[in-house]
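# Fold and geometry: a report
Each chain is listed here by its residues.
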Amino acid sequence: MPPISIRFQAIAQDQPGEKWHALFERSWPAYRSWFLRGGVVGRPTYLECRRALREHMPELVPVWEQLAELAGGGDVEARFLSLWCPPAYIAGCSQTVWIDPQGRDEPALLRNYDFAPALLEGNWLATRWTGRRVAAMGDCLWGALDGVNEDGLAASLSFGGRTVAGIGFGIPLVLRYVLETARNTAQAIAILQRVPVHMSYSVTLLDKAADWATVFVGPDRPVEVTRRKAVTNYQRVIEWPEHARATRAYERLEAMERQLDNRASAQTLTETLLADPLYQNAWARGYGTLYTAVYRPLSGRIDLHWPGAVWAQSLRTFEEGHHDILYRAPSQ
């Protein structure tokens, strides 16, 4: 089996335009199939989607309308872009907050994104959609998997280890909303406490003042704000043992916590994320670690890592470009 190749591309465009439309054209056939897999009748109506956005995330409504128009102005496209009650989706991921034990280096949010290579957009977007500069790894065409804003707030998400689905938004759009409107961890927590989500996720937050939290959200439980510095794919306890075993959720968490307990450097922690058991080979299973991100919200520095490669960016001087990453068999 040949290596799997993914192109990661950095795109800077302050307002929705031709560059976003090109992303839509490339990704829409697959997203449409996913969105309608249970039939169009099973998805919320346009009016329901608009009402939900206006009620819970009104600041995003003008952007949603612009994107829907760029997507052709169709009913299905607008409903998909609202991410209101989307189909269920499950990812992996590991994430941790690092605070320098010596007090010499700025805090960092580090994360592994684990998913199927064939389903990754790979679009690193720098925008000013609501006036605030945001750089985020994209999902669902305008959602965010992880990112940082110009006020010095970084955020990332991981699957919470439960299959329960309910009434709410897909978490990538909620994370986008956090980065577009919150200035710090406290404001981000307030958003997560009021915006409904359709599945269980853990959101890790870190701001430039070194205030941090990991927030457990879900469709059927109260939001829980924790001081967990590291998290994988369960919240308080493992509730889906098969998923936890398959993704080595417990072993990954233990490896991160061991480094934090040992007062490891940020570099050592990054290397830990790029090694077994945290780094999971995506070639062997068709699912695994697709990138490691390190966010430093005080300076606005952002680094994407892969074994043997790194892509350094800055929120202030975000540069367009691309990196082609090969996921190989362990022996290749």
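Just above, that's the structure.
Residues numbered from 1 in each chain as written. Predicted model: local features only at pLDDT ≥ 70, side-chain atom pairs only at ≥ 80, totals over all residues. Heavy atoms only, no water.

All right, on to the environment of Pro 241 then. In this structure, Pro 241 sits in helix 7 (residues 241-247). On a C-alpha basis, the gap between Pro 241 and Arg 162 in space is 9.9 Å, while along the polypeptide they are 79 residues apart. (Helix = DSSP H or I, 4+ residues; strand = E, 2+ residues; numbered from the N terminus.)

Now for the sheet that holds strand 1 (residues 4-12). In spatial order, the strands read 10-9-8-7-6-5-4-1-15; together these nine strands make up an open sheet with mixed pairing. Both outer strands of the open sheet, strand 10 (224-226) and strand 15 (321-327), are each paired with one neighbouring strand and no more. If you compare each strand with its neighbour and ignore which way they point, the axes differ by 20 degrees on average. The pairing of strand 6 (residues 143-149) with strand 7 (residues 153-159) spans three bridges and is classified as antiparallel. Looking across to strand 7, one finds that Asp 146 is bridged to Ser 156. Against the sheet, helix 5 (residues 171-181) engages strand 4 (123-127), strand 5 (134-139), strand 6, strand 7, strand 8 (201-207) and strand 9 (212-217), with an angle of about 15 degrees to strand 6. (Pairing = 2+ DSSP bridges. Axes fitted to C-alpha atoms, helices over the stretch in contact; angles between N-to-C directions. Contact = heavy atoms within 4.5 Å.)

Before going further, it helps to spend a moment on the pattern of salt bridges. Inspection of every chain in the model, using the stated rule, returns 18 salt bridges. The closest approach of N and O atoms between Asp 75 and Arg 79, which form a salt bridge, is 2.6 Å. Here the residue Asp 75 and the residue Arg 79 both occupy positions in helix 4 (residues 75-82), the gap between them amounting to four residues, near one helical turn. Owing to a relative accessible area of 38%, Asp 75 belongs among the partly exposed residues under this scheme. On the basis of relative accessibility, which here comes to 7%, the residue Arg 79 falls in the buried class. Where Asp 276 meets Arg 248, a salt bridge forms, and the shortest distance between an N and an O atom there is 2.8 Å. Here Asp 276 is found in the loop between helix 9 (266-273) and helix 10 (282-285), whereas its partner Arg 248 is found in the loop between helix 7 and helix 8 (249-261), with 28 residues between them in sequence. Assessed through its relative accessible area of 56%, Asp 276 is described here as exposed. Salt bridges sharing common partners tie together Arg 162, Asp 220, Arg 221 and Glu 239. (Salt bridge = Lys/Arg side-chain N within 4 Å of Asp/Glu carboxyl O. Buried < 20%, exposed > 50% of the residue type's maximum accessible area, 1.4 Å probe, protein only.)

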